[in-house]
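Summary of structural features
This is what each chain is made of:
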Amino acid sequence: MKPTILKGTRDFGPQDIKRREYIFSTIKNVFELYGYGPLETPSMEHLHTLTGKYGDEGDALLFKVLNNGDFLSKANPEALENKDSNGLVASISKRGLRYDLTVPFARFVVMNHHALKFPFKRYQIQPVWRADRPQKGRYNEFYQCDVDVVGSSSLLYEAELVKIYDEVFTRLNLSTQIKVNNRKVLYGIAETAGIEAQFVDMTVALDKLDKIGEEKVAEEMERRGISKEAISKVLAGIAIKDIEQLPAFFTNAPTGMKGYEELKQVLSYLNAVEIKQELVFDISLARGLSYYTGCILEVVSKEVKMGSIGGGGRYDDLTSVFGMSDLSGVGISFGAERIYDVLLELDRFPEDTDATVPLILLSLDAAALAHSFNLAATIRSAGIPCDVYPEPAKMKKQMKYAAGRNIPLVMIIGEEEVQSKTYSVKIMETGEQTALSSDILIESLKALI
RNA sequence: GUGGUUGUAGCUCAGUUGGUUAGAGCGCCGGAUUGUGGUUCCGGAGGUCGCCGGUUCGAGACCGGUCUUCCACCCCA
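Everything quoted here is computed from the prediction, not taken from an experiment.

A separate point is the environment of Phe105. For Phe105, the location among the structural elements is in helix α6 (residues 102-112). Along the primary structure Phe105 and Thr319 are separated by 214 residues, whereas in three dimensions their C-alpha atoms are 9.3 Å apart. Setting aside its immediate chain neighbours within four residues, Phe105 contacts Leu39, Phe120, Arg122, Gln124, Asp148, Val150 and Tyr315.

Pasting the structure below:
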């Protein structure tokens, strides 16, 4: 049979892994710098742990795992008879692949709250799965890098997370825009327009402002049954660019005012520190995940057209569905795949992410090959990675192999070298060749690498 | 999940209204150069035309299905 790979998934070769490790370690180092500790949770969770947390669309995108054994005999007969797929799922699938890292984290916190010290800060770098239709920068399996803190409603954490975004993207040498908003501010717009009941309809439409423009947003709100008067109020609200205009705009909007106060506090914390990326207040930022309740964040590249490369926010009620209320959390996520694609497109990966060895030994005859193997052992024991071409093939073939693998240094071992214990090393980039005496070989090599 | 799009050599792509042995560039392999890659010259290998079925005397081309790619919607990292 012909081997194929599943739609929306990718293999990662040695070079890919090196580059991904660069991203992960950069992110991880910053997380640890801010006092977050690692956590891993299983790929699979109880389906009921996952369902209902991401809205109806989210549930539809959950990968369900078929029960083992004779699952059909236990299937809901009515649903089976009526070909009711949704009704059937509960009786034939009890497990699902995780959709994000936040919900499993909430589950973990509730299960382990007795052993945790709050505020509890953790980071998590693991793959998640979504049964979405794949596109560029959009996969069925992808890694998320999450940092969250639960057990504190301090707005200092919102500021800290913005700073983490700033630090990571600066270290990755990327230019980004960090957008910040607050769900309560959005709610305040709804309050002011008198459409609290249609808050969700409003935010879904508003979220598309960047993409489809004001007119289409108004059309969409109208289609969702929002009155013309309310729409004009909403449009007036989203024209606001400066948070100091919010108090004057909000009329009879206590929640909105609370959102304003929160934003003001977060931004004032951030004013006191240096931010290298562009931080903007974007009142149209809404974000789809239904569990956000306060501050919301999103990061986009300023250099490459791509979806968001990070997002997050505060969620007050997430743990309550697992039976634990009054545990506020706030967190952000980095989209490793998209960051990867952005770095690749901009050719911004450091050179040392090349998956190669710094040195290869080429041998001219069987005796030299044996000598090379022995010499390589000495070089390796000094901590220098190296490779030995496995047969005394033609020099041209061996050189081509070294060049093809982008190996910067080549050592040629022949009869002369074995006799004299002086090895000629060729620097591939320049073609320059120097003779290294065996007694200072290691030092000389270290100097060349 | 809805609508559309893509698939020909390792890669990028040609292939005229269906008609004989499906081409190019790059790459790869060999030689010129029996201890030296990237330049040049010469030679060579490599394709069940994504897969399955149909129409036809004849299909890379037309039709249906399927997988894959990408795009829009939806949503999102």
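Examined at the domain level, chain A breaks down into domain 1 (14-44 + 99-346) and domain 2 (355-448). A C-alpha centroid distance of 52 Å is found between domain 1 and domain 2.

We now examine the packing of helix α15 (residues 366-381) against helix α18 (residues 441-448). One way to put it is that α15 packs onto α18 with a least axis distance of 10 Å and a crossing angle of 70°. One finds that α15 runs roughly perpendicular with respect to α18. As for how α15 packs across α18, the hand of that crossing is right-handed. Contact with α15, carried on its side by Leu375, Thr378 and Ile379, involves Leu441, Ile442 and Leu445 of α18 and no other residues of that element. Residue classes in the contact of α15 with α18 are distributed as 5 nonpolar, 1 polar and no charged.

To continue, consider the confidence of the model for chain A. Looking at chain A as a whole, the pLDDT averages 90, with 99% of positions reaching at least 70. Interface predicted TM-score (ipTM) for the complex: 0.84; the corresponding pTM is 0.87.

Of all 10 residues in strand β5 (residues 120-129), 10 are buried, a share of seventy percent or more. Alignment of strand β1 (residues 37-38) against β5, held across 2 bridges, turns out to be parallel. Bridging from a neighbouring strand, Pro38 pairs with Tyr123 of β5. Of the pairings in the sheet, the one linking β5 to strand β6 (residues 141-150) comprises 10 bridges and is antiparallel in character. Residue Gln126 lies in a different strand from β6, and its bridge partner there is Gln144.

Thresholds applied
Residues numbered from 1 in each chain as written. Chains lettered and ligands numbered in written order. Predicted model: local features only at pLDDT ≥ 70, side-chain atom pairs only at ≥ 80, totals over all residues. Heavy atoms only, no water. Helix = DSSP H or I, 4+ residues; strand = E, 2+ residues; numbered from the N terminus. Contact = heavy atoms within 4.5 Å. Domains from an automatic or database assignment. Axes fitted to C-alpha atoms, helices over the stretch in contact; angles between N-to-C directions. Parallel < 35°, antiparallel > 145°, perpendicular 65-115°, else oblique. Left-handed = near helix turned anticlockwise from the far one by under 90°. Nonpolar A, V, L, I, M, F, W, Y, C, P; charged D, E, K, R; others polar. pLDDT = per-residue confidence, 0-100. Buried < 20%, exposed > 50% of the residue type's maximum accessible area, 1.4 Å probe, protein only. Pairing = 2+ DSSP bridges.

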